[in-house]
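Per-entry structural report
Residue strings, one per chain:
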Amino acid sequence: MAANARPRMPTLAAHHREPPLNRPDPDDVELELFIRGLQLRHGYDFSQYARASLKRRVQALAIATGSRTIGELTSRVVRDDVLLPTVVSAMSVPVSEMFRDPPVFRALRAEVLPILASYPHINIWQAGCARGEEVYTLAILLEEAGLYDRCQIFATDFNDAALAQAQEGIFPVTEARQYAENYLAAGGAHTLNHYCHAKYDHIKFDSALRRNVTFANHNLVADGVFCEAHLILCRNVLIYFTNPLQDRVLGLFRNTLVRGGFLCLGSKESIDYSENAREFVALNRRARIYRLGAPAA
């Protein structure tokens, strides 16, 4: 090099690298870390939940707990066991109502209960029972069909707080009008007041409706067969799962049902795209009621 020559400076391109295309959103990265941290630290696996709805719930939880970001929430969840019940409650979707979608319960009255009446004892699994609205709906339905005394209802959820509320059978009086309208639209034989009474700002259902109900913690994501059932109701739960998890849960229901048993799903749910679909026959496609194969001869 000549004595008076200046050294060549590296160009900007030598130090600058273009960011990779399609980089994930920071919130999406933090959501995955939250899911992983919750599983590793506490054993709750939400990895197969649909991301859009799960992200909304986690973001709302971060705000409710005073966390600035999902990442900050993750750190608190990993280190603070006291926060866990709040997290579990936020991750579940305890939203329902009495006799929700009345035509479904009219179909159960007309097409399913007369067949179940042929059994000396009837097991019913209410999977994902949330706060218990459908548990009391089922009890009333069976009472009016004259079947309740030979039925056992297993009401399960992974949210202990929701289960505790379900066991109390107490709901806001502001919901009573809708419940009463749904009950009549579903073919109710009386009025809903026949089964509950109002006190202050709540309605409380008669304890007799719980006489054949067993409440228990069960996680559809991780746990196995819960009982041998003649009817399973799991409504508006599968929509929050990814397709592989939906298929796993439908396989669990298949293995739980007796031959000729019934499965009732939510209005936006279907088994049509599941590997388990071939095991079921659509009894009432509009009401999302399916039957496992043909009944035994």
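Residues numbered from 1 in each chain as written. Predicted model: local features only at pLDDT ≥ 70, side-chain atom pairs only at ≥ 80, totals over all residues. Heavy atoms only, no water.

Structural notes on the nonpolar core
To be explicit about the condition: What we call a nonpolar core is a set of buried Ala, Val, Leu, Ile, Met, Phe, Trp, Tyr and Cys residues that are connected through their side-chain atoms within 4.5 Å. Note on classification: 1.4 Å probe, protein chains only; a residue is buried when its accessible area is under 20% of the maximum for its type, exposed when over 50%, partly exposed between these limits. Here a residue-residue contact requires only that any non-hydrogen atoms of the pair lie within 4.5 Å.
In this structure, I140 and F205 are the most contacted members of the largest nonpolar core, which totals 45 residues. Not counting residues within four places of it along the chain, the set of residues in contact with I140 comprises M98, F99, Y183, L192, Y195, F205 and L209. Core analysis: the next-biggest nonpolar cluster, separate from the first, contains 44 residues, Y49, M91, V237 and L238 among them.

Observations concerning the sheet that holds strand β4 (residues 196-199)
Note the following rule: Strands were regarded as paired on the criterion that DSSP finds at least two bridges between them. Helix numbering and strand numbering both begin at the N terminus, where a helix is a DSSP run of H or I of at least 4 residues and a strand a DSSP run of E of at least 2. The angle between two axes is taken between their N-to-C directions and runs from 0 to 180 degrees, where each axis is a line fitted to C-alpha atoms and a helix contributes only its stretch in contact.
Read from one edge of the open sheet, three strands run β3-β5-β4, paired in antiparallel fashion. Only two strands of the sheet have a single neighbouring strand rather than two, namely β3 (170-172) and β4. Within the sheet, the average angular offset between the axes of one strand and its neighbour, ignoring direction, is 30°.

Focus: the state of the cysteines
Note the following rule: The term disulfide is used for any two cysteine sulfur atoms that are within 2.5 Å.
Going through the model one piece at a time under the given rule, you end up with zero disulfides. For C129, which is in no disulfide, the shortest distance to another cysteine sulfur is to C234 and amounts to 11 Å.

Details of the packing of aromatic side chains
Stated formally: Two rings from Phe, Tyr or Trp (for Trp, the six-membered ring) form a pair when their centres are within 6.5 Å of each other. A pair whose planes differ by under 30 degrees is stacked, one over 60 is edge-to-face, and the rest are tilted.
Tallied over the full model, the rule gives 11 aromatic pairs. Each ring, one from Y49 and one from F241, has its centre 5.0 Å from the other, and the planes form 65°; the classification is edge-to-face. In this pair, Y49 is assigned in the loop between α2 (26-42) and α3 (51-64) and F241 in the loop between β7 (229-234) and α10 (243-256), connecting sequence segments 192 residues apart. Among the residues examined, F241 registers a relative accessible area of 5% and is labelled buried.

Points about the pairing of β7
Stated precisely, the cut-off is as follows: The handedness rule is simple: strands pointing away from the viewer, and a clockwise path from the first strand over the helix to the second, make the crossover right-handed.
Burial runs high along β7: six of the six residues are buried. In the sheet, β7 pairs with strand β8 (residues 257-265) via five bridges, with the strands oriented parallel. Bridge pairing links C234 to L265 in β8. Of the crossover connections in this fold, the one passing from β7 over α10 to the parallel β8 is right-handed.

A look at the environment of A277
Structurally, the position occupied by A277 is in the loop between β8 and β9 (280-284). Spatially, the C-alpha atom of A277 lies 25 Å from that of P102, the residues being 175 residues apart in sequence.

A look at the pattern of salt bridges
Going by this rule: Definition used for salt bridges: Asp or Glu carboxyl oxygen within 4 Å of a side-chain nitrogen of Lys or Arg.
Applying the stated criterion across every chain, the model contains 11 salt bridges. In this structure, D81 engages R41 in a salt bridge whose closest nitrogen and oxygen atoms are separated by 3.2 Å. Separated by 40 residues along the polypeptide, D81 in the loop between α4 (70-79) and α5 (84-91) and R41 in helix α2 bring together distant segments of the chain. Overall, D81 belongs to the partly exposed group, its relative accessible area being 44%. What makes R41 partly exposed here is its relative accessible area of 39%.

Concerning the environment of A229
Among the structural elements, A229 can be located in strand β7. Taking C-alpha positions, A229 is 25 Å from T242, a pair spaced 13 residues apart along the chain. In contact with A229, not counting residues within four places along its chain, are N123, W125, T256, L257 and V258.

What to know about unusual backbone geometry
Its identity as a non-glycine residue notwithstanding, F99 has a phi of 50°, on the positive side. For F99, the location among the structural elements is in the loop between α5 and α6 (102-116). F99 gets classed as buried once you look at its relative accessible area, which sits at 0%. Phi is positive for Y200, close to 55°, though the residue is something other than glycine. Its place among the elements puts Y200 in the loop between β4 and β5 (202-205). Y200 gets classed as exposed once you look at its relative accessible area, which sits at 75%.

Honestly, it's all geometry; don't read function into it.
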